[in-house]
Amino acid sequence: MKKRKSIMTALCVTVLASVALTACGSNSTEQLNPKDNGSSGGSKTLTFWRAGTDAPEKAYWTRVIQEFEASHPGVKVNYSEVPFGNDMETKLNAAYASGTAPDVLSYTLASVAQRANLGQYEPLDAYTDKWDGKGDMMESVLNTGMYKDKLYGLGFIPDPRVLLWRKDLFEAAGLDPEKPPASWEELAKDAELLTKKDGNTTVTAGLAIPTANAWTFWQSFVLQNGGKIIDADKNEPLFDSPESIEATQYIVDLVKKGVTIPNDSAKSNENLFPNGKAAIAYDSPAAYVNTQKDHPELAGKIGVSGPIERKTKATFAGMRLLFMSSQSKQKDLAFEFMQTVMSKEETWNRYKELGTPVVLNSLKDDYIKDKPEMNQAVFDAVSYGEGAAKVTYSSKMYEIISQHLEAAFYNTKSAEQAMKDAAAELKKELPNLITN
């Protein structure tokens with residue numbers, strides 16, 4: 001991998017959260033104006049927004065933008081960052097309503113259906129059909145940006161769930177620390193053996209099962225069992241299928257055996273594995289890295305493997321994608337910026353600087369060789385991963401699923417009834433949720 005050339009000609013850059021990033025000497029402003037294409041003086045302005053406000057990624061984008069501007073004389077990239085969730089949704093809605101949407105946007109998979117249906121995301125097929133890089137993208141990653149047979153986004157930051165386990169706790173329980181569970185049966189057996197209780201209270205979870213907002217964990221098992229979440233073409237929920245009910249029953253049985261500690265997956269302070277309260281977990285690669293960083297005594301004592309296979313090998317995998325706005329006045333330049341971010345060199349830079357998994361097949365060998373103890377598992381998880389369902393009502397659907405799962409966990413209804421009730425509730429609400 002060639003080292004990128006340092007950019008010596010770039011002047012100082014000011015970066016402020018949720019404020020445009022421009023080279024020093026021009027005015028930073030929170031009010032971005034994508035309509036100003038900078039045509040005066042032969043210059044062009046490209047606007048780029050990204051969801052998230054973390055410092056490491058801010059530094060990454062600062063460098064990328066500096067280098068892009070240096071290699072494109074006369075081009076300025078106005079950069080803004082906004083927190084995930086309601087803040088970004090509100091800002092995007094206002095921008096599209098006023099005709100001031102960004103040229104390029106880094107956002108979540110969950111936004112694809114809604115904003116593609118509204119005509120806010122530009123289909124990329126006309127650009128990618130002439131782009132050699134498309135053929136290098138992992139098939140699973142490319143598919144995340146597909147919606148109704150069109151490509152709307154380029155996946156570039158995967159967030160897969162891998163199987164993590166504490167080798168020291170395995171050894172203490174008489175298990176082979178180098179042999180993670182490879183089947184549902186082994187996982188259940190190991191989880192029970194590794195669970196530690198004080199009376200009836202679980203103090204160390206054998207398996208970290210979230211008891212609130214459990215849908216991502218649950219989805220991995222449904223997929224492994226050959227099930228699907230929804231038929232998006234028919235808007236037909238499938239989580240009351242035999243495959244889904246069987247997966248739900250498996251998880252509910254483990255919860256009732258006390259192998260987990262009640263926790264909410266949406267709250268980082270309740271995440272059991274990074275807090276040393278679980279022996280096994282489905283979690284992100286970042287949890288593998290950060291747990292050892294935050295707990296140096298665990299360095300080398302955590303294993304990581306790809307998804308468990310039952311009827312099929314599968315896991316949940318979130319994805320951040322690059323989107324082009326349909327309102328962009330600089331579509332060719334916008335795609336050139338996207339190409340730069342998706343290039344082989346920049347994909348590797350992103351991995352080295354941020355630790356993000358690679359999304360290109362041509363980097364597989366280098367990626368695995370760099371950290372074989374971790375990266376083979378991560379690459380497998382990205383390859384077999386599937387993210388949130390691409391329907392306009394996905395957030396409501398998963399809210400319904402999580403609520404009924406919680407009812408099953410706390411014994412107010414059976415696993416089968418929970419899934420049947422969840423499907424019935426979604427069907428009842430669908431007329432008010434579907435956006436065409």
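Coordinates for the structure precede this section.
Just so it is clear, the model here is predicted, and its values are computed rather than measured.

**Q** Can you walk me through the overall build of the protein chain in this structure?
**A** Secondary structure summary: the protein chain contains 16 helices and 17 strands in total. When burial is assessed residue by residue, the protein chain has 54% of its 436 residues classed as buried. Put simply, of all contacts in the protein chain between residues at least 6 apart along the chain, 72% involve residues at least 24 apart. Accessible surface, the protein chain: about 19200 Å² in total, of which carbon and sulfur atoms supply 47%.

**Q** What is the right way to look at the sheet that holds strand β9 (residues 162–166) in this model?
**A** Think of a sheet as strands paired side by side through backbone hydrogen bonds, with each pair either parallel or antiparallel. Ordered in space as β14-β9-β15, the three strands form an open sheet in which the pairing is antiparallel. Whereas interior strands pair on both sides, the edge strands pair on one side only; in this sheet they are β14 (280–283) and β15 (302–305). Averaged over all neighbouring strand pairs, the angle between strand axes comes to 25°, with direction disregarded. Inspection of the sheet shows β9 paired to β15 by four bridges, in the antiparallel sense. Opposite L164, over in β15, you have V304 as the bridge partner. Its contacts with the sheet place helix α10 (residues 285–294) against β9, β14 and β15, and it is angled at close to 170° to β15.

**Q** Please explain the pattern of salt bridges as it appears in this structure.
**A** Between side chains of opposite charge, a pair can form when the charged atoms approach closely. By the definition in use, this model includes 22 salt bridges. Measuring nitrogen to oxygen at the nearest pair gives 3.5 Å for the salt bridge that ties E81 to K58. Of the two residues, E81 is situated in strand β4 (residues 75–82) and K58 in helix α1 (residues 55–71); the sequence distance between them amounts to 23 residues. Looking at E81, the relative accessible area reads 0%, which means it is buried. One salt bridge in this structure joins K427 and E236, with 3.5 Å as the shortest N-O distance. Remark: E236 occurs in strand β13 (residues 236–237) and K427 occurs in helix α16 (residues 415–433); sequence separation between them is 191 residues.

**Q** It is not clear to me how the pairing of strand β8 (residues 153–160) should be interpreted in this structure. Could you clarify?
**A** Every other side chain in a regular strand lies on the same face of the sheet, so the side chains alternate between the two faces. Along β8, seven of the eight residues are buried, which leaves the element largely enclosed by surrounding structure. Where β8 meets strand β16 (residues 315–324), seven bridges bridge the pair, whose relative direction is antiparallel. Residue pairing for β16: L154 is matched across the bridge by L322.

**Q** Just to check I follow, could you spell out helix α11 (residues 331–342) for this structure?
**A** In this model, α11 (12 residues) spans 16 Å end to end at C-alpha, consistent with the 16 Å of a helix rising 1.5 Å per residue. Within α11, burial applies to L333, A334, F335, F337, M338, V341 and M342.

**Q** For this particular structure, what's the right way to read the pairing of β14?
**A** Here β14 shows a buried face lined by I280 and Y282 and a second buried face lined by A281 and D283. Of the pairings in the sheet, the one linking β9 to β14 comprises four bridges and is antiparallel in character. Bridging from a neighbouring strand, V162 pairs with D283 of β14.

**Q** Looking at this model, I keep getting lost on the packing of aromatic side chains. Mind explaining?
**A** To describe a pair of aromatic rings, you give the distance between the ring centres and the angle between the ring planes. The tally for this structure, following the rule as stated, stands at 23 aromatic pairs. With a centroid separation of 5.1 Å and an interplanar angle of 70°, the aromatic rings of Y60 and W61 are classed as edge-to-face. One exposure class covers both Y60 and W61, and it is buried. Seen in terms of ring centroids, W165 and F170 are 6.4 Å apart; in terms of plane orientation they differ by 50°. Their pairing is tilted. Take W165 and F170: they sit in the same class, and that class is buried. Clustering of aromatic rings is evident, with ring pairs tying together F48, Y60, W61, F68, Y79, F156 and F337. Just above the ring of W49 sits the side chain of K91; from NZ or CZ to the centre is 5.0 Å.

**Q** For this particular structure, what's the right way to read the nonpolar core?
**A** Across soluble globular proteins, nonpolar side chains have a tendency to be buried as a group. F48, W61, L154 and F337 are the most contacted members of the largest nonpolar core, which has 79 residues in total. Beyond its immediate chain neighbours, meaning those up to four positions away, L154 contacts L124, T128, W131, M137, R320, L321, L322, F335, M338 and M342. Counting residues in each nonpolar core, the second largest holds 52 residues, with I229, F239, V252 and A423 among its members.

**Q** Just checking my understanding: could you explain unusual backbone geometry for this structure?
**A** A negative phi angle is the norm for most residues apart from glycine, just as the trans form is the norm for most peptide bonds. A positive phi angle, near 50°, is found at K148, a position not held by glycine. One can find K148 in the loop between β6 (146–147) and β7 (150–151). With relative accessibility at 56%, the residue K148 sits in the exposed group. Its identity as a non-glycine residue notwithstanding, N213 has a phi of 55°, on the positive side. Relative to the helices and strands, N213 resides in the loop between β11 (201–204) and α8 (215–224). With a relative accessible area of 35%, N213 lands in the partly exposed category.

**Q** Just to check I follow, could you spell out the packing of helix α9 (residues 242–256) against helix α15 (residues 394–409) for this structure?
**A** The relative placement of two packed helices comes down to the angle between their axes together with the axis-to-axis distance. Direction vectors running N to C along α9 and α15 enclose 45°, while the axes themselves pass 9 Å from each other. The angle between α9 and α15 places the two elements in the oblique class. Along this stretch, α9 crosses α15, giving a crossing that reads as right-handed. Side by side, α9 and α15 meet where T248, I251, V252, V255 and K256 of the first sit next to L405, A408 and F409 of the second. Taken together, the residues of the contact of α9 with α15 sort by class into six nonpolar, one polar and one charged.

**Q** Sorry if this is basic, but what is going on with the environment of H72 here?
**A** Of note, H72 is situated in the loop between α1 and β4. The exposure class assigned to H72 is buried, which follows from its relative accessible area of 16%. For the pair H72 and L333, spaced 261 residues apart in the sequence, the C-alpha separation amounts to 9.8 Å. In contact with H72, other than residues within four places in its own chain, are L333 and E336. Only 2.9 Å separates the side chain of H72 from the backbone oxygen of F68, close enough to count as a polar contact. Polar side-chain contacts of H72 include one of 2.7 Å to the side chain of E336.

What counts as what
Residues numbered from 1 in each chain as written. Predicted model: local features only at pLDDT ≥ 70, side-chain atom pairs only at ≥ 80, totals over all residues. Heavy atoms only, no water. Helix = DSSP H or I, 4+ residues; strand = E, 2+ residues; numbered from the N terminus. Buried < 20%, exposed > 50% of the residue type's maximum accessible area, 1.4 Å probe, protein only. Contact = heavy atoms within 4.5 Å. Areas by Shrake-Rupley, 256 points an atom, 1.4 Å probe, with all protein chains shown as cover. Pairing = 2+ DSSP bridges. Axes fitted to C-alpha atoms, helices over the stretch in contact; angles between N-to-C directions. Salt bridge = Lys/Arg side-chain N within 4 Å of Asp/Glu carboxyl O. Expected span 1.5 Å × (residues − 1). Phe/Tyr/Trp six-rings, centres within 6.5 Å; stacked < 30°, edge-to-face > 60°. Lys NZ or Arg CZ within 6 Å of the ring centre and 35° of its normal. Core = buried A, V, L, I, M, F, W, Y, C linked by side-chain atoms within 4.5 Å. Parallel < 35°, antiparallel > 145°, perpendicular 65-115°, else oblique. Left-handed = near helix turned anticlockwise from the far one by under 90°. Nonpolar A, V, L, I, M, F, W, Y, C, P; charged D, E, K, R; others polar. Polar contact = N/O pair within 3.5 Å; in protein donor to acceptor, adjacent residues only side chain to side chain.

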